[in-house]
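Residues per chain are reported as follows:
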Amino acid sequence: MALSIGDKAPAFTAKDDAGKTVSLSDLAGKTVVLYFYPKDDTPGCTKEAQSFRDNYAEYQGKDMVVLGVSMDDETSHKQFKEKYGLPFQLLADPDGTLTKAYDVEGGGYSKRVTYVINGEGTITYVDEKVKTDSHAQDILASMS
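Residues numbered from 1 in each chain as written. Predicted model: local features only at pLDDT ≥ 70, side-chain atom pairs only at ≥ 80, totals over all residues. Heavy atoms only, no water.

### Describing the overall build of the protein
For the protein, the helix and strand inventory stands at 5 helices and 7 strands. The linear arrangement of helices and strands in the protein, starting from the amino end, is β-β-β-α-α-β-α-β-α-β-β-α. Expressed along its principal axes, the backbone C-alpha trace of the protein runs to roughly 35 × 30 × 30 Å. Counting the 144 residues in the protein, one finds 49% classified as buried. Counting only contacts in the protein whose residues sit at least 6 apart along the sequence, the fraction spanning at least 24 positions is 67%. Total accessible area on the protein is roughly 6,800 Å²; 49% of this is exposed by carbon and sulfur atoms. Separation between the mean location of the 16 positive side-chain charges and that of the 23 negative ones in the protein comes to 2 Å. (Helix = DSSP H or I, 4+ residues; strand = E, 2+ residues; numbered from the N terminus. Buried < 20%, exposed > 50% of the residue type's maximum accessible area, 1.4 Å probe, protein only. Contact = heavy atoms within 4.5 Å. Areas by Shrake-Rupley, 256 points an atom, 1.4 Å probe, with all protein chains shown as cover. Lys, Arg positive; Asp, Glu negative; His and termini not counted. Charge placed at Lys NZ, Arg CZ, Asp CG, Glu CD.)

Pasting the structure below:
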């Protein structure tokens, strides 16, 4: 069972695709879209990432941070990001710490679940029925 709207988002610190450390606390005051996906460079995950890429300017215009998370390592994320020109950070979660904290563990991979976390660190939106090709637009539509 995924976390629910109104829950406090679990704090995290993880390395991104460039080896930089990203912490939820560093993003206080911003809306964070934290999307979990099973695996880099697979058909559904690629569509979902491209959906965020193609709508990224709109997210930036709303001062929203997009973070993708899977249990792939930094090297895999870096290759995935470069291959598809992804403008947002991908967080590496090889030991599943983040995946477990957000209750999206699928047996060795992250289930496809997206959380929107407000500037105070509260979950305001949860999507467990992601449509990969329109996901980024679906989130924006839900927030307007």
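### Here's the deal with the packing of helix α1 (residues 43–54) against helix α5 (residues 135–143)
Packing of α1 against α5 leaves a shortest axis separation of 7 Å and a crossing angle of 50°. The angle between α1 and α5 falls in the class oblique. On the side of α1, the interface is formed by Glu48, Ser51 and Phe52, while α5 contributes His135, Ala136, Gln137 and Ile139. Across the contact of α1 with α5, the residue classes break down as 3 nonpolar, 3 polar and 1 charged. (Axes fitted to C-alpha atoms, helices over the stretch in contact; angles between N-to-C directions. Parallel < 35°, antiparallel > 145°, perpendicular 65-115°, else oblique. Nonpolar A, V, L, I, M, F, W, Y, C, P; charged D, E, K, R; others polar.)

### Some words on the side chain of Thr99
You can see Thr99 is positioned in helix α4 (residues 97–101). We classify Thr99 as buried; its relative accessible area is 0%. In terms of polar contacts, Thr99 uses its side chain to reach the side chain of Asp93, at 2.6 Å. Sequence-distant contacts of Thr99, defined by excluding residues within four places in its chain, comprise Phe36, Met71, Asp93, Val104, Glu105, Tyr109 and Ser110. (Polar contact = N/O pair within 3.5 Å; in protein donor to acceptor, adjacent residues only side chain to side chain.)

### What about unusual backbone geometry?
Phi angles above zero are rare outside glycine, and Asp41 is one such case at about 60°. By secondary structure assignment, the location of Asp41 is in the loop between β3 (31–36) and α1. Non-glycine residue Asp63 carries a positive phi angle of around 55°. Considering the arrangement of structural elements, one finds Asp63 in the loop between α2 (56–61) and β4 (64–70).

### Brief notes about the nonpolar core
Of all hydrophobic cores here, the largest spans 21 residues; its most connected members are Leu34, Leu67, Leu91 and Tyr102. Looking at this core, the elements with two or more residues in it are β3, β4 and β6 (113–117). Apart from residues lying up to four places away in sequence, Tyr102 is in contact with Leu3, Ala9, Pro10, Phe12, Leu24, Leu34, Phe36, Tyr115 and Ile117. (Core = buried A, V, L, I, M, F, W, Y, C linked by side-chain atoms within 4.5 Å.)

### A closer look at the pattern of salt bridges
Applying the stated criterion to the full structure yields 7 salt bridges. Its salt-bridge partner being Asp17, residue Lys81 comes within 3.1 Å of it at the nearest N-O pair. On the criterion of sequence distance, the pair formed by Lys81 in helix α3 (residues 74–84) and Asp17 in the loop between β1 (13–16) and β2 (21–23) is long-range, its members being 64 residues apart. Notably, a salt bridge pairs Glu82 with Lys78, separated by 2.8 Å at the nearest N-O pair. Placement of both Glu82 and Lys78 in helix α3 is noted, with a separation of 4 residues, approximately one turn of the helix. Looking at Glu82, the relative accessible area reads 55%, which means it is exposed. (Salt bridge = Lys/Arg side-chain N within 4 Å of Asp/Glu carboxyl O.)

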